[in-house]
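A structural walkthrough
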Amino acid sequence: MKFPGQRKSKHYFPTHSRDPLVNQIRQTPKLARPTIIGVGQTIVDIEARVDDEFLERYNLSKGHSLVVEQSVADNLYQELVDRDLITHEFPGDTIGNTMHNYSVLADSKSVLLGVMSKNIEVGTYAYRYLCRTSSRVNLNHLQTVEGPIGRCYTLITDEGERTFAINEGLMNQLKPESIPEKVF
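These lines cover the structure that appears in this document, whether it is placed above or below. Since the structure is predicted, the reported quantities are computational estimates derived from the model, not experimental observations. (Residues numbered from 1 in each chain as written. Predicted model: local features only at pLDDT ≥ 70, side-chain atom pairs only at ≥ 80, totals over all residues. Heavy atoms only, no water.)

1. Some remarks on the environment of Gly114
Position of Gly114 among the secondary structure elements: in the loop between strand S5 (110-113) and strand S6 (115-117). Along the backbone, Gly114 and Ser178 are 64 residues apart, and their C-alpha atoms lie at a distance of 8.4 Å. Once residues lying within four places of it in the same chain are set aside, the contact partners of Gly114 are Gly40, Leu142, Gln143 and Leu174. (Helix = DSSP H or I, 4+ residues; strand = E, 2+ residues; numbered from the N terminus. Contact = heavy atoms within 4.5 Å.)

If you want it as structure tokens, here you go:
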């Protein structure tokens, strides 16, 4: 049987001779791949298309970056979900993104230390954070918290103006005892 697409070596199966590339691959020295460890502030970037009335309802100054209280962040998120206005939800923290990118580009392991909501519902921002982080990033050592991780809302109006509403949630509540020495 011939397999479709481009191949390093062209042959049909079964084959009676060994692939000449196998010996080349065996002779290539293995490079050491360290495990990178990062301590991050887990925050989710949530992008949504909104109108001016939406911004006014939440007392958000159009085109500015504002810190919002927990209750405002919760209500804002609920309305975005109810009205199906969210276009993207991605992990947004610098360290978490660095761990993700390193693991993807280097095809190597990393460990992220930080916090994560204890009770996660399928489809929510915390769920999206976990789903959109590379499986090469070890998230097993995240400290659970009773509440939300950080959220950064990017609210885009029809004319393309961006307004940012940021709530830290419990992203800064990592305790020293939640940083296991065994990962180092």
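2. Thoughts on the packing of aromatic side chains
Evaluation of the coordinates by the stated rule reveals two aromatic pairs. With centroids separated by 5.0 Å and ring planes inclined at 45°, the aromatic side chains of Phe54 and Tyr58 adopt a geometry described as tilted. With respect to class, Phe54 is no different from Tyr58; both count as buried. (Phe/Tyr/Trp six-rings, centres within 6.5 Å; stacked < 30°, edge-to-face > 60°. Buried < 20%, exposed > 50% of the residue type's maximum accessible area, 1.4 Å probe, protein only.)

3. Quick word on helix H3 (residues 70-82)
The terminal C-alpha atoms of H3 lie 18 Å apart, and with 13 residues this matches the ideal 18 Å at 1.5 Å per residue to within 8%. All of the buried residues in H3 are Ala73, Leu76, Tyr77, Glu79 and Leu80. Along the axis of H3, the buried residues cluster in a sector spanning 165°; they form a single face. In the core, the buried residues of H3 are packed alongside strand S2 (43-49), helix H2 (52-57), strand S4 (86-91), helix H5 (125-131), strand S9 (150-156) and strand S10 (162-167). (Expected span 1.5 Å × (residues − 1). Arc of directions from axis to C-beta.)

4. Some remarks on unusual backbone geometry
In this structure, Asn59 is a non-glycine residue whose phi angle is positive, near 55°. Note that Asn59 resides in the loop between H2 and strand S3 (65-67). Assessed through its relative accessible area of 70%, Asn59 is described here as exposed. Phi at Asp84 is positive, roughly 55°, even though this residue is not glycine. With respect to the helices and strands, Asp84 occurs in the loop between H3 and S4. Assessed through its relative accessible area of 65%, Asp84 is described here as exposed.

Everything listed here is a matter of geometry and, on its own, says nothing about what the molecule does.
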